[in-house]
Amino acid sequence: MSGERAMTSYLDRREKPKLARPSDADMRLKNNRLGMTIFQASWVMVFLALIVVNWQLRFSYKAWPPAGVAPFDPLLPSAATAALLLSSLLARRGLASLRSGRSSAFLMHWRGAMVLGIAFMSIIVYEFASVSEAAMATQYGLTMRLMTGFHFAHALAILAVMTHVYRKGGRGMYRGDEHDSWAVEGTAKLWYFVTLAWLLFYIVLYWIR
């Protein structure tokens, strides 16, 4: 009997399914995604802090914009916002194309995302430079330049990363699986962050009076 129990116990141990341990590549990808999520959440808070500063400053004036200062025209910023939204959509499609093995489609969509990103930033530079002297004599103009300049610096840095990714993609350095294409996924997520941050600024600067 003791021999049978020992044999049964041994067979039971043999038959228990072994839990598959995640590979090092899977763990790196999981950590990368978690780190990106934490980064995005923390930096959105920084942008929200600038919005809070903007609101606190506007409460120090009887009117916003202050008397004698024309409000910012939302026409060109609206066009810039549309370009940025479409740019993010193209970046997303580019990533999906790469994951499905369509490298040429990835490059086409990624290139379109970059061109629209440059168009967005060109408009923002124009808006930054076009702030009137009357507005610059008040917190209305100063905070506008602070917020748009802060956002532009982030957009420029991430666009540089997008350019680097595009060049590597053109050399065929991405095969398309999740681990291999993390650089593309991570850069796309950074661009989504740029889009979300701008949407917050766009509403506060051009539509909330």
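Residues numbered from 1 in each chain as written. Predicted model: local features only at pLDDT ≥ 70, side-chain atom pairs only at ≥ 80, totals over all residues. Heavy atoms only, no water.

As for empty space enclosed by the protein
Stated formally: Both site types are read off a 1 Å grid over the protein atoms alone. A 1.4 Å probe that fits but cannot get out defines a cavity, while an open set with protein on both sides within 12 Å along at least five of seven lines defines a pocket; lining residues have an atom within 4 Å of a point. Grid points are joined across faces, edges and corners, and a volume is the space filled by probe spheres set on the points. Numbering goes from the N terminus for both helices and strands, where a helix is a DSSP run of H or I of at least four residues and a strand is a run of E of at least two. The nonpolar class holds Ala, Val, Leu, Ile, Met, Phe, Trp, Tyr, Cys and Pro. Asp, Glu, Lys and Arg form the charged class, and all remaining residues, Gly among them, are polar.
In the structure shown here, the tally under the stated rule is 1 cavity of 30 Å³ or more. Put simply, the largest cavity is a space of about 50 Å³. Taken together, Asn54, Arg58, Trp64, Phe72, Tyr140, Thr143, Val204, Leu205, Ile208 and Arg209 make up the lining of the largest cavity. Within the residue set of the lining of the largest cavity, elements represented by two or more residues are helix 2 (24–58), helix 6 (139–170) and helix 7 (182–206). The residue makeup of the lining of the largest cavity, split by class, is 6 nonpolar, 2 polar and 2 charged.

Focus: the pattern of salt bridges
For the record, the criterion: Salt bridge, as used here: a side-chain nitrogen of Lys or Arg that lies within 4 Å of a carboxyl oxygen of Asp or Glu. A simple rule labels every residue: compare its accessible area, found with a 1.4 Å probe on the protein chains alone, to the largest value its type can have, and call it buried under 20%, exposed over 50%, or partly exposed in between.
Counted under the stated rule, the structure contains 3 salt bridges. Measuring nitrogen to oxygen at the nearest pair gives 2.7 Å for the salt bridge that ties glutamate 185 to arginine 99. Pair noted here: glutamate 185 is in helix 7 and arginine 99 is in helix 3 (residues 75–99), with a separation of 86 residues, a long-range link. The salt bridge involving glutamate 185 is made with lysine 189; its shortest N-O contact spans 3.0 Å. One end of the pair is glutamate 185 and the other is lysine 189, both in helix 7 and 4 residues apart, which spans about a single turn. On the basis of relative accessible area, glutamate 185 is assigned to the buried category, the value being 4%.

A few points about the confidence of the model for the protein
We count it as follows: For every residue, the predictor reports its confidence as pLDDT, a number between 0 and 100. Residues count as neighbours in contact if any of their non-hydrogen atoms are within 4.5 Å of one another.
Taken as a whole, the protein shows an average pLDDT of 88; of its residues, 89% reach a score of 70 or greater. Scored below 50 in pLDDT, residues 6–11 shows 0 contacts in the model against residues more than four places distant or in partner chains.

Observations concerning the packing of aromatic side chains
Our working definition: Geometry of aromatic contacts follows a simple scheme: Phe, Tyr and Trp rings, the Trp one being its six-membered ring, pair when their centres are within 6.5 Å, and the pair is stacked under 30 degrees between planes, edge-to-face over 60, tilted otherwise.
Applying the stated rule across the entire model yields 16 aromatic pairs. Ring centres of tyrosine 61 and tryptophan 64 lie 5.6 Å apart, and the angle between their planes is 65°; on these two criteria the pair is classed as edge-to-face. On the basis of relative accessibility, which here comes to 27%, the residue tyrosine 61 falls in the partly exposed class. Arranged with centres 6.5 Å apart and planes meeting at 55°, the rings of tryptophan 198 and tyrosine 206 form a pair that is tilted.

Structural notes on the side chain of histidine 154
As for its placement among the helices and strands, histidine 154 is situated in helix 6. When residues no more than four places from it in sequence are discounted, the contact partners of histidine 154 are Trp43, Phe47, Phe193 and Val194.

With respect to the layout of surface pockets
Taken as a whole, the largest pocket spans an internal volume of roughly 230 Å³. Along the wall of the largest pocket there are 17 residues; nearest its centre are Pro71, Phe72, Asp73, Glu127 and Ser130. Among the elements that take part in the lining of the largest pocket, helix 3 stands out by supplying 3 residues, more than any other. Per-class residue counts for the lining of the largest pocket are 12 nonpolar, 3 polar and 2 charged.

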